[in-house]
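Spelled out from the first residue to the last, the chains are:
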Amino acid sequence: MTSRNNIYLYTKNDTDSLRRKELLQKVIHQHGFKAVDSFEEASIIVSIGSDATFLQAVRKTGFRQDTLYAGISITDSLNMYCDFFADDIEKMADAVQKDKIEVRKYPILEVSVNKNPKFFCLNEFTIRSNVIKSFVLDIFIDQKHFETFRGDGMVISTPTGSSAYNKSLNGAVVDPLLQCIQVAEIASMNSNEYRTLGSPFVLSSERTLELRLQQDWNDYPSMSTDNEALSIQHVDTVTLSLSDRVVKTVKLKDNSYWDKVKRSFL
């Protein structure tokens with residue numbers, strides 16, 4: 001049985017990150033926790049870096065459902081997924097020991113390309129034309145045709161991902177307590193032949209979104225999950241929905257999602 005005090009530290013392999021990891025390991029031991037070398041042994045998985053590092057940590061450790069995730073920032077900002085500064089590790093240890101933390105559950109997206117096994121995203125899935133021309137997607141909601149899109153691409157985001165790429169496309173910032181996904185267009189072309197809604201739209205967790213790529217010598221689109229590119233050729237369909245899984249993160253009781261939004265943008 002995994003000990004509740006086992007902590008796995010995920011970081012990049014550059015000199016500064018590894019130095020910080022070594023320092024954190026010492027503090028962890030001083031507070032009665034154990035730093036483990038394998039994430040399978042951990043009850044808490046801690047990323048050291050930025051939001052991008054946190055996203056990598058979640059993905060590389062398999063979106064584990066039986067552990068908590070926490071983000072430690074080594075930048076000047078806490079951003080959206082990092083609740084602690086590297087210089088405040090004492091504060092984190094004190095919060096854990098004195099029950100000053102809460103568990104926050106973030107919805108995640110599940111994606112299947114060409115009906116292959118599903119994979120997961122915490123922020124967003126993007127699909128874009130891979131050549132210097134627009135491409136065409138038929139958009140289906142619950143297997144019913146909704147619209148035909150022509151343009152540069154689309155971004156499908158979770159509520160927490162709504163404040164990332166989606167926001168730059170004039171999408172709404174969505175409360176993570178809402179179980180939904182948001183669909184935003186990238187440079188759509190609207191004409192007598194192609195017509196789209198022209199604005200982001202939100203689907204409930206009960207809906208399934210399907211993107212069918214029209215085959216016009218552009219069946220190798222550029223796709224990404226969070227901050228990692230996918231290399232898949234001959235794409236026909238992409239199916240997306242909100243997963244039953246969640247990512248459970250450690251948060252301070254006085255640091256809500258909307259505190260983070262305010263700190264980041266206002």
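The shown structure was predicted, so the numbers you read here are calculated from the model rather than taken from an experiment.

> Before we go on, may I ask you to explain the nonpolar core in this structure?
Side chains of nonpolar character tend, in soluble globular proteins, to be buried together. Formed by 25 residues in total, the largest nonpolar core has its most connected members in Phe125, Ile156, Leu211 and Val238. Broken down by secondary-structure element, the contributors of at least two residues to this core are strand S6 (101-113), strand S8 (124-128), strand S9 (135-141), strand S10 (144-157), strand S11 (180-188), strand S12 (201-204), strand S13 (209-213) and strand S16 (237-252). Looking at this core element by element, the count peaks at four residues for S9. Once residues lying within four places of it in the same chain are set aside, the contact partners of Phe125 are Leu109, Val111, Met154, Val155, Ile156, Met223, Ser224, Thr225, Leu230, Val238 and Leu240.

> When you look at the pairing of S13 in this model, what are you seeing that I'm missing?
Put simply, side chains in a regular strand alternate between the two faces of the sheet. Across the five residues of S13, four count as buried, placing the element largely inside the fold. Across five bridges, S9 lies against S13 in antiparallel orientation. Considered in S13, the bridge of Leu137 is made with Leu213. Pairing analysis gives four bridges linking S13 to S16, with the strands arranged antiparallel. Each residue of the ladder has a partner; that of Leu211, found in S16, is Val238.

> Explanation requested: the pattern of salt bridges in the structure shown.
A side chain with one charge may pair with a side chain of the opposite charge, provided their charged atoms come close. Tallied over the entire structure, the rule returns 10 salt bridges. With a closest N to O distance of 2.9 Å, Asp66 and Arg64 form a salt bridge. Linked by salt bridges that have partners in common, Asp16, Arg19 and Arg20 make up one network.

> Can you walk me through unusual backbone geometry in this structure?
Glycine aside, residues mostly have negative phi angles, and peptide bonds mostly take the trans form. One non-glycine residue, Asn170, lies in the positive phi region at around 65 degrees. By secondary structure assignment, the location of Asn170 is in the loop between helix H4 (165-168) and S11. Despite not being glycine, Asp226 has its phi angle at roughly 55 degrees, a positive value. Here Asp226 lies in the loop between strand S14 (222-225) and strand S15 (228-230). Relative accessible area serves as the criterion here: at 7%, Asp226 is assigned to the buried category.

> Help me understand helix H1 (residues 15-30) in this model?
Each α-helix winds once per 3.6 residues, and so residues spaced three or four apart point in a common direction. Look at H1: 23 Å from first C-alpha to last across 16 residues, which is about the 22 Å you get at 1.5 Å a residue. Buried within H1 we find Ser17, Arg20, Leu24, Val27 and Ile28. Seen end-on, H1 carries its buried residues on one side only, within an arc spanning 100 degrees. For H1, exposure combined with an orientation more than 90 degrees from the buried face picks out Thr15 and Gln30. For H1, the capping residue at the N-terminal end is Asp14, with a side-chain oxygen 3.3 Å from the backbone nitrogen of Asp16.

> Can you walk me through the packing of aromatic side chains in this structure?
Taken as a whole, this structure holds seven aromatic pairs when the rule is applied. Aromatic side chains Tyr8 and Phe39 sit 6.1 Å apart centroid to centroid with 65 degrees between the ring planes, which places their arrangement in the edge-to-face category. You can see Tyr8 sitting in strand S1 (residues 6-11) and its partner Phe39 sitting in the loop between strand S2 (34-35) and strand S3 (44-49), a full 31 residues away along the chain. Residue class for Tyr8 comes out buried when judged on its relative accessible area of 16%. Here a set of aromatic residues connected by ring pairs shows up, and it is made of Phe54, Tyr69, Tyr81 and Tyr106. Over the aromatic face of Phe265 sits the side chain of Lys167, whose NZ or CZ is 4.4 Å from the ring centroid.

> Explain the confidence of the model for the protein to me, please; I cannot follow it from the model alone.
Low pLDDT means the predicted coordinates in that region are not meant to be read closely. On average, residues of the protein score 88 in pLDDT, and 93% of them reach the 70 mark or higher. Of all the helices and strands in the protein, helix H3 (residues 89-97) carries the lowest mean pLDDT, 67, while S12 carries the highest, 97.

> In this structure, what is going on with the environment of Ser112? I would like to understand it.
Mapped onto the fold, Ser112 is located in strand S6. Each C-alpha atom, one on Ser112 and one on Thr239, is 5.2 Å from the other, the two residues being 127 residues apart in sequence. Aside from chain neighbours lying at most four places away, what touches Ser112 is Lys118, Thr237, Val238 and Thr239. Engagement of the side chain of Ser112 in a polar contact is seen with the backbone oxygen of Asn116, the distance being 2.5 Å.

> Looking at this structure, I do not really get helix H5 (residues 257-265). What am I missing?
All buried positions along H5 are accounted for by Tyr257, Lys260 and Val261. Projected down its long axis, H5 shows its buried positions confined to an angular sector of 100 degrees, all on one face. On the buried face of H5, the contacting elements are S6.

> Sorry if this is basic, but what is going on with the pairing of S14 here?
Alignment of S8 against S14, held across four bridges, turns out to be antiparallel. Across the sheet, residue Ile127 finds its bridge partner in S14, namely Met223. Hairpin geometry of S14 and S15 is characterised by an intervening segment of two residues between the two adjacent antiparallel strands and by a positive phi of about 55 degrees at Asp226.

Parameters and conventions
- Residues numbered from 1 in each chain as written.
- Predicted model: local features only at pLDDT ≥ 70, side-chain atom pairs only at ≥ 80, totals over all residues.
- Heavy atoms only, no water.
- Core = buried A, V, L, I, M, F, W, Y, C linked by side-chain atoms within 4.5 Å.
- Buried < 20%, exposed > 50% of the residue type's maximum accessible area, 1.4 Å probe, protein only.
- Helix = DSSP H or I, 4+ residues; strand = E, 2+ residues; numbered from the N terminus.
- Contact = heavy atoms within 4.5 Å.
- Pairing = 2+ DSSP bridges.
- Salt bridge = Lys/Arg side-chain N within 4 Å of Asp/Glu carboxyl O.
- Expected span 1.5 Å × (residues − 1).
- Arc of directions from axis to C-beta.
- Polar contact = N/O pair within 3.5 Å; in protein donor to acceptor, adjacent residues only side chain to side chain.
- Phe/Tyr/Trp six-rings, centres within 6.5 Å; stacked < 30°, edge-to-face > 60°.
- Lys NZ or Arg CZ within 6 Å of the ring centre and 35° of its normal.
- pLDDT = per-residue confidence, 0-100.

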